Amino acid sequence: MKKLLKNPGTYISIIVLILCIVFLFKIIQIDILPLKILVPLCVAFLCVCFLSVLLWVKAKKLFTKIIACILSIVLIFTSGFGIKYITETIDSIMKISTSDTKTKKIISVYALKMSAVKEEKDLKGRTIGILTNNNRENVDICLNKLNQKIEIKEYTSSIELVKDFKGQAIDCICIDQMYLDTIEDYEGFENFEDDIREVYSYIYYVDKENTVEDIDVIKEPFSVLISGIDTRTEGFDDGDSRSDVNMVITVNPTTKQIFMLSIPRDYYVTTVCDASAGCGNGQKDKLTHTGWHGVATTERTIENLLSIEINYNVRVNFKTVRTIVDLLEGIDIYSSQAVTNLGNGNTYCSAVEGWNHFDGQCALDYSRERYAYSDGDRQRGKNQMQVLTAIIKKMVSPALLSNFSEIMETMSDLIQTNMDMNQVFALVKQQLSEGGSWSIYTYSLNGSGGTDFAYELGDYAYVMYPDETTVNNAKADIQSIIIGETPPYVNSKDATAE
């Protein structure tokens, strides 16, 4: 026994066995590999581990010790790397499958940079403009927390509020921070944030609405809302924001069909939400504005529009397309026309008619471009579906394996979903087990432009009135996917790699 304990091979064997067992436990824990792969892999790995131990126990000749040493080094590095790789993957997916129950909200008081108002004490005796219907309860709380006597002027029109502020008819404004992006959409206010300073802010948190409709995703068809926000920062630190990208993806896992539906951001729809959240339940507004009250409001509004049930949602900051595409080493996109100034000439990106290989920046610019197309926002929705399709093709191909851990770690900061981690693993496991290609169909809703009252703005704005024919076509396509038939009204069809 003492002789055995003095043998370095004994301790090396113990380390090898522990790492091998932990590694195999991690493989079983992640539950991604099908049995036809898992069982042979575990058996083969255990055999090599025990062979390494046996060689150390029996090692008397130098040659045997060298073989045992090489095997042990390989097993230690393989097991250690595998444990780290799987642990990081699980952590990343758990982060994507967020369990956060609160959303951060910020109400701020802003002054012009040129004004004498620089901090809270300078607000004494100042006139602050507010919107009558803009999150009034929390705006009032924010103003009541100020330790200064102020005058309040109410506005029903957001445009009039901003004009008076810029014209110095009022000293400051108090608004929800998320409205800043919309103000910069107004003509003449494109650089609004550069002209203002935050004097005071009130931070609070609201409960997220749970809209999960759980099903068995490897046996039953399901629908997912992709809500793409475009905030000032990458990630979700800004809280809720406009839903600038709206896609409904319906998946039939048994027939391996995916249907992507793009809905224009300016679609004039009836808002469906919990009115206690401060939103305009039953009011007409642009679809993009529903994102101000959380992805659940956008989801419920689209369910009402399409008369469908959406099972899960995925929230994506579309700026992160750049990061994901670069990690995938670019994507290939077929453009129906040449565009020489993607991103309005602010970057080097352009598209030729035909196939283009885009890096992350160009993929982002392509997914944002609308002014170069006669179809405007509708074509932008089609481009976004092309980008998403190209990403899916890369994600289910061997190209993903080269930097899978880095991709998952990066995506964990860029994507949020209410889909359970086990559902995600189940889908991956099914694909590994069955293989085969997926048919991807795309369609986009259409409409006609006009000007109408947008409830959240308290003013008139450009909207797109839904074309009921395309809405009904989309409903028929979704139903076809659910029952396993070919959708009749799609714009295009593609297939992923095996």
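In this text, all values refer to a predicted model and were calculated from it rather than measured experimentally.

(A) Focus on the overall build of the chain. Within the chain one finds 14 helices and 18 strands. In the chain, of all internal contacts separated by at least 6 residues, the share reaching a separation of at least 24 is 72%. As displayed, the chain has an accessible area near 23400 Å², and 55% of this comes from carbon and sulfur atoms.

(B) Quick look at the nonpolar core. Residues Phe222, Ile331 and Phe358 are the most contacted members of the largest nonpolar core, which totals 40 residues. For this core, the secondary structure elements donating two or more residues are β6 (222–229), β7 (245–252), β8 (257–262), β11 (312–317), α9 (321–327), β12 (331–335), α10 (360–368) and α11 (377–395).

(C) Structural detail: the sheet that holds strand β2 (residues 127–131). An order of β3-β2-β4-β1-β5 is seen for the five strands of this open sheet, with the pairing classed as mixed. The open sheet is flanked by β3 (151–155) and β5 (196–207), the only strands paired with a single partner. Looking at each pair of strands side by side, their axes are set apart by 25 degrees on average, direction ignored. With eleven bridges connecting them, strand β1 (residues 102–112) and β5 associate as antiparallel partners. The partner of lysine 102 across the bridge, within β5, is aspartate 207.

(D) Looking closely at the pattern of salt bridges. Taken as a whole and judged by the stated rule, the model has ten salt bridges. Arginine 136 serves as the salt-bridge partner of glutamate 154, at 3.0 Å between the closest nitrogen and oxygen. Of the two residues, glutamate 154 sits in strand β3 while arginine 136 sits in helix α5 (residues 136–144), which places them 18 residues apart along the sequence. Among the ionic contacts, a cluster of salt bridges with common partners joins Asp244, Arg265, Asp266 and Lys286.

(E) Inspection of the state of the cysteines at higher detail. In total, this model carries two disulfides according to the counting rule given. Across the disulfide, cysteine 20 is cross-linked to cysteine 49 (sulfur-sulfur distance 2.0 Å). Taking the sign of the torsion about the S-S bond as the criterion, the disulfide between cysteine 20 and cysteine 49, at about -85 degrees, is left-handed. Here cysteine 20, found in helix α2 (residues 8–30), pairs with cysteine 49, found in helix α3 (residues 35–58); they are 29 residues apart in sequence, far enough to count as distant. Judged on exposure class, the residue cysteine 20 and its partner cysteine 49 are both buried.

(F) View of the pairing of β8. By the criterion of burial, β8 is predominantly enclosed, with six of the six residues buried. Because side chains alternate across β8, one face comprises the buried residues Gln257, Phe259 and Leu261, and the other comprises Ile258, Met260 and Ser262, equally buried. Sheet analysis places β7 next to β8, joined by six bridges and oriented antiparallel. Looking at β8, one finds that isoleucine 249 is bridged to methionine 260. Remark: four residues form the turn of the hairpin made by β7 and β8, two consecutive strands paired antiparallel; lysine 256 in that turn has positive phi of roughly 55 degrees. In this structure, β8 lies alongside strand β15 (residues 439–444), joined through six bridges in parallel fashion. Paired with glutamine 257 across the strands is serine 439, a residue of β15.

(G) Representation of a nonpolar patch on the surface in the model. Judged by side-chain polarity, Tyr11, Ile14, Ile18 and Val22 come together as a nonpolar surface patch covering roughly 360 Å² of accessible area. Relative to the helices and strands, isoleucine 14 is located in helix α2. Look at isoleucine 14 and you get partly exposed, because its relative accessible area is 43%.

(H) Here's a closer look at the packing of aromatic side chains. Tallied over the entire structure, the rule returns eleven aromatic pairs. Note on phenylalanine 81 and tyrosine 85: the rings are 5.7 Å apart at their centroids and 35 degrees apart in plane angle, and the pair reads as tilted. You can see phenylalanine 81 and its partner tyrosine 85 sitting in helix α4 (residues 62–96), four residues apart, about one turn around the helix. The class of tyrosine 85 is partly exposed, set by a relative accessible area of 24%. Ring plane angle 85 degrees and centroid distance 5.7 Å describe the contact between tyrosine 268 and tyrosine 465, whose orientation is recorded as edge-to-face. Note that tyrosine 268 is positioned in strand β9 (residues 268–270) and tyrosine 465 in strand β17 (residues 459–466), a separation of 197 residues in sequence. Since its relative accessible area comes to 9%, tyrosine 268 is described here as buried. An aromatic cluster of three or more residues is present, and its members are Phe165, Phe189 and Phe192.

(I) View of the environment of isoleucine 96. With respect to the helices and strands, isoleucine 96 occurs in helix α4. Once the C-alpha coordinates of isoleucine 96 and valine 314 are considered, the two residues, 218 residues apart in sequence, prove to be 9.1 Å apart.

(J) Structural context of the packing of α3 against α4. Look at α3 against α4: their axes get within 9 Å of each other, and the N-to-C directions meet at 140 degrees. Considering their axes alone, α3 and α4 lie oblique with respect to each other. α4 is crossed by α3, and the crossing has left-handed handedness. Of the residues in α4, those touching α3 at Phe45, Val48, Cys49, Leu51, Ser52, Leu55 and Trp56 are Thr64, Lys65, Ile67, Ala68, Cys69, Leu71, Ser72, Leu75, Thr78 and Ser79.

(K) Seen up close, the side chain of threonine 288. You can see threonine 288 is positioned in the loop between β10 (284–286) and α8 (295–306). When its relative accessible area of 1% is taken as the criterion, threonine 288 is described as buried. When near neighbours in sequence (up to four residues on either side) are disregarded, threonine 288 contacts Arg242, Ser243, Asp244 and Arg265.

Rules behind the numbers
- Residues numbered from 1 in each chain as written.
- Predicted model: local features only at pLDDT ≥ 70, side-chain atom pairs only at ≥ 80, totals over all residues.
- Heavy atoms only, no water.
- Helix = DSSP H or I, 4+ residues; strand = E, 2+ residues; numbered from the N terminus.
- Contact = heavy atoms within 4.5 Å.
- Areas by Shrake-Rupley, 256 points an atom, 1.4 Å probe, with all protein chains shown as cover.
- Core = buried A, V, L, I, M, F, W, Y, C linked by side-chain atoms within 4.5 Å.
- Buried < 20%, exposed > 50% of the residue type's maximum accessible area, 1.4 Å probe, protein only.
- Pairing = 2+ DSSP bridges.
- Axes fitted to C-alpha atoms, helices over the stretch in contact; angles between N-to-C directions.
- Salt bridge = Lys/Arg side-chain N within 4 Å of Asp/Glu carboxyl O.
- Disulfide = S-S within 2.5 Å.
- Patch = residues over 30% accessible without salt bridge, like charges linked within 9 Å, V, L, I, M, F, W, Y side chains within 5 Å.
- Phe/Tyr/Trp six-rings, centres within 6.5 Å; stacked < 30°, edge-to-face > 60°.
- Parallel < 35°, antiparallel > 145°, perpendicular 65-115°, else oblique.
- Left-handed = near helix turned anticlockwise from the far one by under 90°.

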